[in-house]
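Residue strings, one per chain:
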Amino acid sequence: MRRLAARGAAGDAGEVAAPAADSTHCAQGRSPSPPRLIDVCAIWDTGVLPPTADWKGASSGVAGARLNEAETLSSIQEAQLERLEVATPCGPGSRERGPVLRMARQQLPPWVHAAILLCLLSLGRAIEIPMDLSQPPTITKQSVKDHIVDPRDNILIECEAKGNPAPSFHWTRNSRFFNIAKDPRVSMKRRSGTLVIDFRSGGRPEEYEGEYQCFARNKFGTALSNRIRLQVSKSPLWPKENLDPVVVQEGAPLTLQCNPPPGLPSPVIFWMSSTMDPITQDKRVSQGHNGDLYFSNVMLQDMQTDYSCNARFHFTHTIQQKNAFTLKVLTNHPHNDSSLRNHPDMYSARGVAERTPSFMYPQGTASSQMVLRGMDLLLECIASGVPTPDIAWYKKGGDLPSDKAKFENFNKALRITNVSEEDSGEYFCLASNKMGSIRHTISVRVKAAPYWLDEPKNLILAPGEDGRLVCRASGNPKPTIQWMVNGEPLQSAPPNPNREVAGDTIIFRDTQISSRAVYQCNTSNEHGYLLANAFVSVLDVPPRMLSPRNQLIRVILYNRTRLDCPFFGSPIPTLRWFKNGQGSNLDGGNYHVYENGSLEIKMIHKEDQGIYTCVATNILGKAENQVRLEVKDPTRIFRMPEDQVAKRGTTVQLECRVKHDPSLKLTVSWLKDDEPLYIGNRMKKEDDSLTIFGVAERDQGSYTCVASTELDQDLAKAYLTVLADQATPTNRLAALPKGRPDRPRDLELTDLAERSVRLTWIPGDDNNSPITDYVVQFEEDQFQPGVWHDHSKFPGSVNSAVLQLSPYVNYQFRVIAINEVGSSHPSLPSERYRTSGAPPESNPADVKGEGTRKNNMEITWTPMNATSAFGPNLRYIVKWRRRETRESWNNVTVWGSRYVVGQTPVYVPYEIRVQAENDFGKGPEPDTVIGYSGEDLPSAPRRFRVRQPNLETINLEWDHPEHPNGILTGYTLRYVPFNGTKVGKQIVENFSPNQTKFTVQRADPVSRYRFTLSARTQVGSGEAVTEESPAPPNEAYTNNQADIATQGWFIGLMCAIALLVLILLIVCFIKRSRGGKYPVREKKDVPLGPEDPKEEDGSFDYSDEDNKPLQGSQTSLDGTIKQQESDDSLVDYGEGGEGQFNEDGSFIGQYTVKKDKEETEGNESSEATSPVNAIYSLA
């Protein structure tokens, strides 16, 4: 019993239509899809082809043909795929499906191949505008650049284009306008630009040879076809010639030249006899690439026939034969003894002298050859010698490219397909026999016609948007680039202020409706040219959905699927997916949303069943569509047929019990020896078994049970051995000790393909415990030599499997057998097999951007392993730029797994992309990751507030820092109680970054608190802010004044005040004590009265006159003082003008100041005469 690795699943979109030739497939966002079109890519994502009862019912020429769900693919047709990669043609993970075996010679229908091809190409197709919207022309079909036609047929030069309005067409011939109306033989197909040149009424096709170019035009622009060189096929006759017999010595070299007439295209050359018998060729006699027939040494038997060169011309399907050559061989042994042909020393037996090799083609010891990139390189070495030399090929400084090198013509030719630049170098062929060896060196130079690096794509913009067209090509020599607009050189086009040309890029800024046009990029060198059209269309279109609404997709559990939602809009809408009306966008984890809007579910689970809604949104509106996803259980054969040995004439029953999803229709069928089994009268097929009555010898063989539904299938195989009557089957089920299986042996690699290989092994002894599984492991010698990794696991019934491989890995495999006892030792390793390289299909994971210092950002990622490198010299293109800015991307190429960006501002977000690249090209566009530059210490918290609602608590509040300079990790609060000069123990509190409040419980109602608050990042604590709690309220002070009076500061203050009062009193006492006699330095103008006391020394005595009236006044009877006549008046002592009086009648003046002033002017002064004045002066 053997289970076959042929399990898969297909999605079903309800009523399904075969894909039309112009259908849009797969994940093509913003492009139209024909109505009722099956999601071919989703079907292939899930595992196998969509089933149908009749392949012919889905012809690619009938776009509307439908496959009903009830129609099923017969199990025989389901099993027709041998070692086919049932892959995801439209996205990552395309090599994760298992192989499907082809058990019959039937092939897949053409429409399936076309659908797969279109699906593969769809991801790279340019954005298309729905045809109901205005758009410039686009060339959709054209003839090849070198167009060779059969002179017996009418000439057809194709040119098809689309646009809205529909374009009109005209042609140029040899760069001049081709007036079709003037030539009655030339016409143009209706609604097409295809030229038809009719020769039914006569004419020579050669007259129409030349270079043609098609122009498709509407009011929005003009698109151009390639320059099509029209040539008429030629098959000239062979010149007549009489050929004399060719006389040659036996053992000598000989070349019979063909020299065919030059045809177009070149004819196919082959050699035959005049009786049309083919010439037998071997390493001694063979035809060269130039058509000549080479004899390394001539033997006598070569005279038995003549030799005629034949040329077959492709278009006319005619064969022309050259006159035959006749050989006359001179020999020392005239008898042609056939027994000598197999003699070990045939040449010596015939008397032929042995000689060292010499080259017949090419001549000499060295030559050179030039080949264009992408073409086939054919190197040829033909040598003469006796015995016939062997040819071996080598490359100097390296190995031959095993993935694309092939030996032809008995090792005389080396063909390298799809040449690239690394195939240049020096090759040499070594011709050797037992007499010696010689070599010829061929220097190979690889040139290149232009090839695209970035082909310009159609640009669809909204008014006011910016965009660019990029045209980058490479070649050898480096190609030149020429821009045109609507078929005219850009230099001669009207100036456009919104357009700027920068080499290979045209930049558009603030585009408007008038900017619509078709641009052409022509890049050329001496080996060829490329021409690309790309239009600029300016549209204002709200989002619209382009696929049928409410599709039903059915998928098998645990498979991968993709839900497409083609849409269009301008500006480009953003698309989001939702499940069952939930508000969260589906992306990440088991879901992946591609840029074109397709939703991939990496592994389907039961909970993934539901309704999925895609919503496209731009500034003009939104549109949505729904897809209903149903998850079905897989089909599994749980009781498989077992190998049996039966006697002739007995009855055999092969079981095949199946578990499947009850909502799917199950079909069970049988194959014998991989062919459909005919159920005759001796056989009975039931749902779970096949019974064979009266077993005959012809019944021996392999029997395969095929269980299939509309969506998937499962296969299991058993072998029936029929014995003669006297044979006795061996019973291997005797009770014997069980052990681990022996190691598998004799590993063999076959069916070597670019991305797969078949590994076959011979199982070891199971040691009385059936082998349940095989584990295939691999080792590669580039990244982790000597380390074995699990590759895949297969049932114990399998001993041959197709392994899916990654590009550019030098694989070596081994196999481990497993039974219920344990695992065997690993098998001996297989031979190595290196796959060819390819651009990476993924990018590194775990991309991060984090600062290690405040002025840098370290970008890190997980490096890719050997199975994802896909080519030599794996490196990473690291790009970064400030987020939410319009600055251009910075980029650098890195060979490691980290890069440090320096001189960055503190903690700002950056957009980061890391893209893998090897020598074969770049990986897919990477996702954008947000990283941050390094953190610094944060600024102080803002608005730090301290409030004291009562005597027991203090409330603290603050705001986050104005400049966090990173991610806040928390806050640190330090506070200490104090009372006068007494300071308590400091307390430290740490808070989370979200906490901005804290309450302190007071230890006593008297002490105050000093608070210091700072914010923290991972760098540390930043600037701190300090506040103190408010002073205690008045009542608290009153109740505790006894305590305050005992404080040192209060006692000191009181002592200082007492000392100051004492000093003032002393000063006053001193001033009063200085009364007595004061000298009169100047006589006053007012004369003294007779009663005025006057001493003889001219001084006044005030000592006993304190209570006397002032001098110059007299007391009236009513007790008032009467002013004496004097020159002084109150006005004189005022501030000028009239005197001012207070409400009590006293005057406001500066009497004393006035008098002092007058005394000063007289150079006289007087001291204060009263202690009161002294106090005033102190004040």
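Reference entry: report on the structure contained in this document. Sequence order as written defines the numbering, with residues in each chain counted from 1. A pLDDT threshold of at least 70 governs which residues receive local features in this predicted model, and a stricter bar of 80 or more applies before side-chain atom pairs are shown or counted, although totals over entire chains, interfaces and linings include all residues. In computing side-chain values, all of the structure's heavy atoms are included and hydrogens and water are not.

Take the overall build of the protein chain next. For helices the rule is a DSSP run of H or I covering at least 4 residues; for strands it is a run of E covering at least 2, with both sets numbered from the N terminus onward. Secondary structure summary: the protein chain contains 10 helices and 90 strands in total. For each residue, the accessible area found with a 1.4 Å probe, counting protein chains only, is set against the maximum for its type, and the residue is called buried under 20%, exposed over 50%, and partly exposed in between. Among the 1179 residues that make up the protein chain, the fraction classed as buried is 44%. In the protein chain, the share of contacts with a sequence separation of at least 24, taken over all contacts with a separation of at least 6, comes to 65%. The criterion used for residue contact is that any of the two residues' heavy atoms lie within 4.5 Å.

A separate point is the packing of aromatic side chains. Centre distance within 6.5 Å is the pairing criterion for rings of Phe, Tyr and Trp, where only the six-membered ring of Trp is used; planes under 30 degrees apart are then read as stacked, over 60 as edge-to-face, and the remainder as tilted. Applying the stated criterion to the full structure yields 20 aromatic pairs. For the ring pair Trp-761 and Tyr-774, a centre distance of 5.2 Å and an interplane angle of 65° mean the geometry is edge-to-face. In this pair, Trp-761 sits in strand 63 (residues 756-762) while Tyr-774 sits in strand 64 (residues 771-780), placing the two residues 13 residues apart along the sequence. Chaining the aromatic ring pairs together yields one cluster made of Phe-944, Trp-958, Tyr-971, Phe-991 and Phe-998. Note on geometry: a ring has a charge over it if NZ (lysine) or CZ (arginine) is within 6 Å of the ring centre and within 35 degrees of the ring normal. The ring of Tyr-529 is capped by Lys-145, whose NZ or CZ atom sits 4.1 Å from the centre of that ring. Note that Arg-227 overlies the ring of Tyr-529, its terminal NZ or CZ placed 3.9 Å from the centroid.

A few words on the sheet that holds strand 49 (residues 599-601). Two strands qualify as a pair provided that DSSP identifies no fewer than 2 bridges between them. If you walk across this open sheet you meet the 3 strands as 45-49-48, and the pairing is antiparallel. Among the strands making up the open sheet, the edge pair consists of strand 45 (561-563) and strand 48 (591-593). Neighbouring strand axes in the sheet, compared pairwise and without regard to direction, differ in orientation by 25° on average. Taken together, the 3 bridges between strand 45 and strand 49 define a ladder with antiparallel strand orientation. Counted as the bridge partner of Arg-562 is Glu-600 from strand 49. To obtain an axis, a line is fitted to C-alpha atoms, over the contacting stretch when the element is a helix, and the angle between two such axes runs from 0 to 180 degrees between their N-to-C directions.

The next point concerns the nonpolar core. Only buried Ala, Val, Leu, Ile, Met, Phe, Trp, Tyr and Cys residues count toward a nonpolar core, and they belong to the same one when joined by side-chain atoms within 4.5 Å. Counting 31 residues, the largest nonpolar core has Ile-157, Trp-171, Leu-195, Tyr-212 and Phe-568 as its most contacted members. Contributions of two or more residues to this core are made by strand 8 (155-157), strand 9 (159-164), strand 10 (168-173), strand 13 (195-197), strand 14 (210-218) and strand 16 (228-232).

Here, a disulfide means two cysteine sulfur atoms that sit within 2.5 Å of each other. Taken as a whole, this structure holds 6 disulfides when the rule is applied. The residue that forms a disulfide with Cys-565 is Cys-614, at a sulfur-sulfur distance of 2.0 Å. The chirality of the disulfide connecting Cys-565 with Cys-614 is right-handed, given an S-S dihedral of about 70°. You can see Cys-565 sitting in the loop between strand 45 and strand 46 (567-570) and its partner Cys-614 sitting in strand 50 (residues 610-618), a full 49 residues away along the chain. A single burial state applies to Cys-565 and to Cys-614, both of which are buried. Shown here is the disulfide that connects Cys-656 with Cys-705, its sulfur atoms set 1.8 Å apart. The sign of the -75° torsion about the S-S bond sets the Cys-656-Cys-705 disulfide as left-handed. In this pair, Cys-656 is assigned in the loop between strand 54 (652-655) and strand 55 (657-659) and Cys-705 in strand 60 (residues 701-708), connecting sequence segments 49 residues apart. When sorted by exposure, Cys-656 lands in the same class as Cys-705, which is buried.

The next subject is the side chain of Arg-499. Checked against the element boundaries, Arg-499 lands in strand 39 (residues 499-502). Here the positive residues are Lys and Arg and the negative ones are Asp and Glu; neither His nor the chain ends is included. Salt bridges, as used here, are contacts in which a Lys or Arg side-chain nitrogen is within 4 Å of a carboxyl oxygen on Asp or Glu. Lacking a salt bridge, the buried Arg-499 has Glu-500 as its closest oppositely charged neighbour, with an N-O distance of 10 Å. Here the side chain of Arg-499 touches Tyr-519 through a polar contact of 3.0 Å, side chain to side chain. Residues in contact with Arg-499, not counting those within four places in the same chain, are Leu-490, Ala-493, Pro-494, Ile-506, Ile-507, Phe-508 and Tyr-519. Polar contacts, as used here, are pairs of N or O atoms within 3.5 Å; protein pairs need one atom able to donate a hydrogen and one able to accept it. Residues neighboring in sequence count only if both atoms are side-chain atoms.

The alternating pattern of strand 27 (residues 377-380) places Leu-377 and Leu-379 on one face and Leu-378 and Glu-380 on the opposite face, and all of these are buried. With 4 bridges connecting them, strand 27 and strand 31 (residues 413-416) associate as antiparallel partners. Looking at the pairing, Leu-379 lines up with Leu-414 of strand 31.

On to a negative patch on the surface. What goes into a patch is any residue over 30% in relative accessible area without a salt bridge, connected to like charges within 9 Å or, for nonpolar side chains (Val, Leu, Ile, Met, Phe, Trp, Tyr), within 5 Å. Only the protein chains shown count as cover for residues, and all accessible areas are computed by the Shrake-Rupley method using a 1.4 Å probe. By convention, the charge on Lys lies at NZ, on Arg at CZ, on Asp at CG and on Glu at CD. On the surface, Asp-587, Glu-595, Glu-925 and Asp-927 cluster together into a patch of negative charge. In this structure, Glu-595 sits in the loop between strand 48 and strand 49.

Further remarks concern the pattern of salt bridges. Applying the stated criterion across every chain, the model contains 48 salt bridges. One salt bridge connects Glu-209 with Lys-234, and the closest N-O pair in it is separated by 3.2 Å. With Glu-209 in the loop between strand 13 and strand 14 and Lys-234 in the loop between strand 16 and strand 17 (246-249), the pair connects residues that are 25 residues apart, well separated along the chain. With a shortest N-O distance of 3.4 Å, Arg-657 and Glu-655 are connected by a salt bridge. Within this structure, Arg-943, Arg-945, Arg-947, Glu-957 and Asp-959 form a network of salt bridges that share partners.

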